[in-house]
Amino acid sequence: MKVLVLNGPNLNRLGKREPEIYGRTTFDDLAATLVAHGRKRSLDVDVRQTNNEGELIDWLHEAADHGHPVVLNAAAWTHTSVAIGDACAQLTGLLIEVHISNVHRREPFRHHSYISAHATGVIVGLGVRGYEHALDFIADETQTDAE
Ligand code: CA2
């Protein structure tokens, strides 16, 4: 099963700035780890990042049209984008919203998400390991014992 792991603005800077908040893992290391983790769970993991809001919306439409499960860290657009919320509402597969930091311990503007109302579940504050937990949940939910 194909899973899209979609990441929003500035997450390509992971491991290069603000390690006290986002850790030391680079985006490329994270992507490689998630592809390998997915392979162990029989998931075909496609990790993407964009700084262009329209591109993320196009990827969400792709997931909606194919019924792919999505792991989504929309970064700052989480808190600002009705358009991304509307695209998430069209998804038919599982949607796991992930945030590396615990947004609820941070500034009030990070406490609201336009995505959560459409998500199957939300993982916050577990660092980059949150993405692996999201993939494990998707594998557990979508695979039968026979697989
Ligand atoms: O905690 C998260 O995963 C966030 O989605 C990250 C966003 C932030 O706006 C959200 O409130 C919470 C910011 C992503 C920026 O990532 C950087 C990574 C390294 C260095 C600088 C920025």
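As shown above, the structure is provided for reference.
Parameters at a glance
Residues numbered from 1 in each chain as written. Predicted model: local features only at pLDDT ≥ 70, side-chain atom pairs only at ≥ 80, totals over all residues. Heavy atoms only, no water. Core = buried A, V, L, I, M, F, W, Y, C linked by side-chain atoms within 4.5 Å. Buried < 20%, exposed > 50% of the residue type's maximum accessible area, 1.4 Å probe, protein only. Helix = DSSP H or I, 4+ residues; strand = E, 2+ residues; numbered from the N terminus. Contact = heavy atoms within 4.5 Å. Near = heavy atom within 4 Å. Polar contact = N/O pair within 3.5 Å; in protein donor to acceptor, adjacent residues only side chain to side chain. Areas by Shrake-Rupley, 256 points an atom, 1.4 Å probe, with all protein chains shown as cover. Pairing = 2+ DSSP bridges. Axes fitted to C-alpha atoms, helices over the stretch in contact; angles between N-to-C directions.

> Could you clarify how one ought to interpret the nonpolar core in this entry?
Nonpolar side chains tend toward joint burial in soluble globular proteins. Of all hydrophobic cores here, the largest spans 24 residues; its most connected members are Val5, Leu34, Val71, Tyr131 and Leu135. Of all the elements in the fold, those that place two or more residues in this core are β1 (2-7), α2 (27-40), β2 (44-49), β4 (95-99) and α5 (129-142). Among the elements that line this core, the one with the most residues is α5, at 5 residues. If near-sequence neighbours (up to four positions away) are discounted, Val71 is found in contact with Val3, Leu4, Val5, Leu6, Ile96, Val98, Tyr131, Ala134, Leu135 and Ile138. Listed in part, the 19 residues of the second largest apolar core include Trp59, Val70, Trp77 and Ile115.

> Before we go on, may I ask you to explain the site of the ligand in this structure?
Inspection of the region around the ligand gives 17 residues, with Asn73, His79, His99, Ile100 and Ser101 positioned closest. At a separation of 2.9 Å, an oxygen atom of the ligand approaches a polar side-chain atom of His99. With respect to the ligand, the side chain of Arg110 contributes an N or O atom lying 2.9 Å from an oxygen atom. About the coverage of the ligand: the protein hides 93% of its 510 Å² of free accessible area.

> Is there a simple way to think about the sheet that holds β2 in this case?
Sheets are built from strands paired through backbone hydrogen bonds, the pairs being either parallel or antiparallel. Strand order across the open sheet formed by 5 strands is β2-β1-β3-β4-β5, with parallel pairing between neighbours. Where the open sheet ends on each side, the last strands, each with one partner, are β2 and β5 (121-124). Taken pair by pair, the neighbouring strands of this sheet meet at an average axis angle of 15°, ignoring direction. Where strand β3 (residues 70-73) meets β4, 3 bridges bridge the pair, whose relative direction is parallel. Directly across from Val71, in β4, lies its bridge partner Ile96.

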